[in-house]
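# A structural walkthrough
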Amino acid sequence: MFCWLSRLCRGLSTPTRRTTQLIWSSASRSLVLSSQRKIPELSSFVARTNTCGELRSSHLGQEVTLCGWIQFRRQNIFLVLRDFHGLVQVVIPQDESAASVKKILCEAPMESVVQVSGTVISRPPGQKNPVFSLSKKMPTGEIEIKVKTAKLLNSCKKLPFEIKDFIKKTEALRLQYRYLDLRSVQMQYNLRLRSQMVMKMREYLCNLHGFVDVETPTLFKRTPGGAKEFVIPSREPGKFYSLPQSPQQFKQLLMVGGLDRYFQVARCYRDEGSRPDRQPEFTQIDIEMSFVDQTGVQSLIEGLLQYSWPSDKGPVVVPFPSMPFAEALASYGTDKPDTRFGMKIVDISDMFRNTEVGFLQDALSKPQGTVKAICIRKGAKYLKRKDIESIRKFAADHFNEEVLPIFLKTNENWNSPVAKFIMEEQGSGLVKLLETQEEDVVLLTAGEHKRACSLMGKLRLECADLLEARGVVLRDPALFSFLWVVDFPLFLPKEENPQELESAHHPFTAPHPSDIHLLYTEPHKVRSQHYDLVLNGNEIGGGSIRIHNSELQHYVLATVLKEDVKLLSHLLQALDYGAPPHGGIALGLDRLMCLVTGAPSIRDVIAFPKSFRGHDLMSNAPDSIPPEELKPYHIQVSWPTDAETEKSSSNHPCRSES
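Residues numbered from 1 in each chain as written. Predicted model: local features only at pLDDT ≥ 70, side-chain atom pairs only at ≥ 80, totals over all residues. Heavy atoms only, no water.

### Some remarks on the overall build of the chain
A count of helical and extended segments in the chain gives 20 helices and 21 strands. Excluding contacts between residues fewer than 6 apart, the proportion of contacts in the chain whose partners are at least 24 apart in sequence is 71%. Taken as a whole, the chain presents about 32800 Å² of accessible surface, with 52% of it coming from carbon and sulfur. (Helix = DSSP H or I, 4+ residues; strand = E, 2+ residues; numbered from the N terminus. Contact = heavy atoms within 4.5 Å. Areas by Shrake-Rupley, 256 points an atom, 1.4 Å probe, with all protein chains shown as cover.)

Shown next, in the form of structure tokens:
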């Protein structure tokens, strides 16, 4: 008789796997802020006595009032009521004396908001669904509500989509009706878990370690270097504010001001245009400390994550491993390596110093020329010819480099003449150095060290995607692999002019103490006191020890970076007035929560995100402003010509908002 409700619960949980199980079963438990605190009172100050998800057999006989949305109704006998806490089955009265109650509950459309009052009763013998009583998907499965009174609080019109997680919706539709999408089990879970983790972080930083939560300004001035900033007009002709990329200068000034330990859940802004899975406005856990070194900051963050980590995700093991930037690039081809799987890049240059293969000879004859390889375990078994061709095309299109696949099977007829020659010339050496097996495939490329590593790093991830599409498990989604990447270069050559330098992190990063002497002679060789925190191949945080000496900061800005120091005169002046040594870090909260929840996009862990193009599809922002409203700001719109519009479209191909 109750199989329909069983199917409903199974349907609700289909796309969310473990996360949905947690939501209905242990929402109360997961809301506990610490082991010493009591469960929050979820029905204080409101018109209900209980939430839909909290009632159990221990509540039998109690008179309750519930408020929620009508999730499902069957034969006008039962309905399922839903709120943020879970589901409960409601028995619609059938006797004539309760005709008005029946009318309300039977005629109200799905997703209408109702208030019901009644008695918690046990389901009749034989009608208790053991799936409900034992499953973690619907803990209220042993009881139901015998309704006495009901109120229709608000009727619901026909919805653009059903509020069920297993109903597929385009992202554009979800963003257009975000207030409906927020009702889904998954979005409720994501946002509530985010709130809980932030609260735990506040508790750890402020209550346990004496940090001060300080709000910093949103209207600021242009900062040299870094990402492009949003510009805000002022009423003074020709003068503009900028929205800060981060509170970087303010938190350093707070250290000069003697705050000692600063913390903020900070809103940040970057005008990065149409970049996938980025947001023009985002949130950082922003931290700064006085009298600290790199080890101190890293230990703080490890403790912070360990303390705030959800209990159902497994323990966070500290300390996190650390890897120099040079090693990360050489072994993984990136400064944010995913260390959940191997397939490391191997330098095999020495094997081919005397080779007769033309493109290898050519590469090794140039400065920084190398030969790199990765071994794809059982690649011959899982990769198809079209996969190999796709890999080679990617290398040619994006890096203008040749990638040579080498199959180790002696009877493999996919090998090119060059590959066959290499196998004859250096086959045994390759097998020994890469520890290959018969069904493995080796990808080989040659070129300048950094470029070759970057290419192989991209191919490493691409091959992992291909293997996992064939059923090979390489990256366990339940495994969280943290890594500190350290010893970054302080400066990098500018792409548009390699003779000039730019900051690898930002211009306030302190040089490594061992390399300060190089700052004045060979600045491109200076390492920085910059550190990134990587999780499963994603950068989730970055920080540094700062320059606290005004003269050194002025030299870096004016001489090395050739920036206009007038823009930062306030900071340089502050550093002259007894600035303490200080350092800090910022954790990207959106990216962190995306990884913790397993969400496919950071938009799934933000209540009201922007689309791929930076649009709010719900309110149609950004929007135009009448010319008369622009007059006080002394600006006017210069509309692009057709030619300019066409050029812009060719530079930024039109993509769907979803």
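### A few points about the packing of aromatic side chains
Under the counting rule described, the total for this entry stands at eleven aromatic pairs. Considering the side-chain rings of phenylalanine 161 and tyrosine 177, the 6.5 Å spacing of their centres and the 75 degrees angle between planes classify their relative orientation as edge-to-face. Within this pair, whereas phenylalanine 161 is found in the loop between β5 (143-154) and α5 (171-176), its partner tyrosine 177 is found in the loop between α5 and α6 (178-181), the two being separated by 16 residues in sequence. Judged by relative accessible area, phenylalanine 161 falls into the buried class, the value being 7%. With centroids separated by 5.0 Å and ring planes inclined at 80 degrees, the aromatic side chains of tryptophan 309 and phenylalanine 480 adopt a geometry described as edge-to-face. Taken together, the residues span a long stretch of sequence, with tryptophan 309 in the loop between α9 (294-308) and β11 (322-324) and phenylalanine 480 in the loop between α15 (449-469) and β16 (482-486) at a distance of 171 residues. When sorted by exposure, tryptophan 309 lands in the same class as phenylalanine 480, which is buried. Its end group placed over the ring of tyrosine 307, lysine 200 keeps NZ or CZ at 4.2 Å from the ring centre. Taking the ring centre of phenylalanine 341 as reference, the NZ or CZ of arginine 460 above it sits at 3.8 Å. (Phe/Tyr/Trp six-rings, centres within 6.5 Å; stacked < 30°, edge-to-face > 60°. Buried < 20%, exposed > 50% of the residue type's maximum accessible area, 1.4 Å probe, protein only. Lys NZ or Arg CZ within 6 Å of the ring centre and 35° of its normal.)

### Details of the confidence of the model for the chain
Taken as a whole, the chain shows an average pLDDT of 89; of its residues, 89% reach a score of 70 or greater. Low pLDDT, under 50, characterises residues 1-36; the stretch is placed with 91 contacts to residues that sit more than four places away or in other chains. Contacts for the low-pLDDT stretch residues 130-136, under 50 throughout, to residues beyond four places or in other chains number 14 contacts. (pLDDT = per-residue confidence, 0-100.)

### Some points on the packing of helix α7 (residues 185-209) against helix α18 (residues 589-597)
Two numbers describe a pair of packed helices, the interaxial angle and the distance between the axes. At a minimum axis separation of 10 Å, α7 and α18 run at an interaxial angle of 120 degrees. Comparing their axes, α18 and α7 come out oblique. The way α7 lies across α18 gives a crossing that is right-handed. Two secondary-structure elements touch here, α7 through Tyr189, Asn190, Leu193, Arg194, Met197, Val198 and Met201 and α18 through Leu589, Asp590, Leu592, Met593, Val596 and Thr597. (Axes fitted to C-alpha atoms, helices over the stretch in contact; angles between N-to-C directions. Parallel < 35°, antiparallel > 145°, perpendicular 65-115°, else oblique. Left-handed = near helix turned anticlockwise from the far one by under 90°.)

### Description of the nonpolar core
Ranked by size, the top nonpolar core spans 54 residues in total, and within it Ile287, Ile301, Leu305, Trp309, Phe482, Leu533 and Leu592 carry the most contacts. Here this core gets seven residues from one element, more than from any other, and that element is α7. (Core = buried A, V, L, I, M, F, W, Y, C linked by side-chain atoms within 4.5 Å.)

### Observations regarding the pairing of strand β2 (residues 78-83)
Counting buried positions along β2 gives six out of six residues, so the element sits mostly inside the fold. Burial of β2 is two-sided: the residues Phe78, Val80 and Arg82 facing one way and the residues Leu79, Leu81 and Asp83 facing the other way are all buried. Inspection of the sheet shows strand β1 (residues 63-74) paired to β2 by five bridges, in the antiparallel sense. Each residue of the ladder has a partner; that of isoleucine 70, found in β2, is leucine 81. The hairpin turn running from β1 into β2, its antiparallel successor, is three residues long, and glutamine 75 in that turn takes a positive phi close to 55 degrees. Note: β2 against strand β3 (residues 86-91), six bridges, orientation antiparallel. Across the sheet, the residue bridging to valine 80 is glutamine 89, located in β3. Here β2 folds back onto β3, and the loop between the two strands holds two residues. (Pairing = 2+ DSSP bridges.)

### Regarding the sheet that holds β3
One key point about sheets: their strands pair by backbone hydrogen bonds, in either a parallel or an antiparallel sense. Ordered in space as β1-β2-β3-β5-β4, the five strands form a closed barrel in which the pairing is mixed. Shown here is a sheet whose adjacent strand axes are inclined to one another by a mean of 55 degrees, direction ignored. In terms of strand pairing, strand β4 (residues 113-122) meets β5 through ten bridges, oriented antiparallel. Counterpart to valine 120 in the pairing with β5 is isoleucine 145. Here helix α3 (residues 99-107) sits on the sheet and contacts β1, β2, β4 and β5; the angle it forms with β5, its principal contact strand, is near 75 degrees.

### Some points on a nonpolar patch on the surface
On the surface, Tyr179, Phe608 and Met618 cluster together to form a nonpolar patch covering roughly 300 Å² of accessible area. By the element assignment, phenylalanine 608 lies in the loop between α18 and α19 (627-630). Here phenylalanine 608 falls in the partly exposed class, since its relative accessible area comes to 46%. (Patch = residues over 30% accessible without salt bridge, like charges linked within 9 Å, V, L, I, M, F, W, Y side chains within 5 Å. Salt bridge = Lys/Arg side-chain N within 4 Å of Asp/Glu carboxyl O.)

### Digging into unusual backbone geometry
Following valine 318, the chain continues into proline 319 via a peptide bond in cis, with omega recorded as 0 degrees. In this structure, proline 319 sits in the loop between α9 and β11. A cis amide bond, omega 0 degrees, links alanine 621 with the succeeding residue proline 622. You can see proline 622 is positioned in the loop between α18 and α19. We note that glutamine 75 has phi near 55 degrees; this positive angle belongs to a residue other than glycine. The residue lysine 562 is not glycine, and still its phi comes out positive at about 55 degrees. Tracing the backbone shows lysine 562 in the loop between α16 (550-560) and α17 (569-575).

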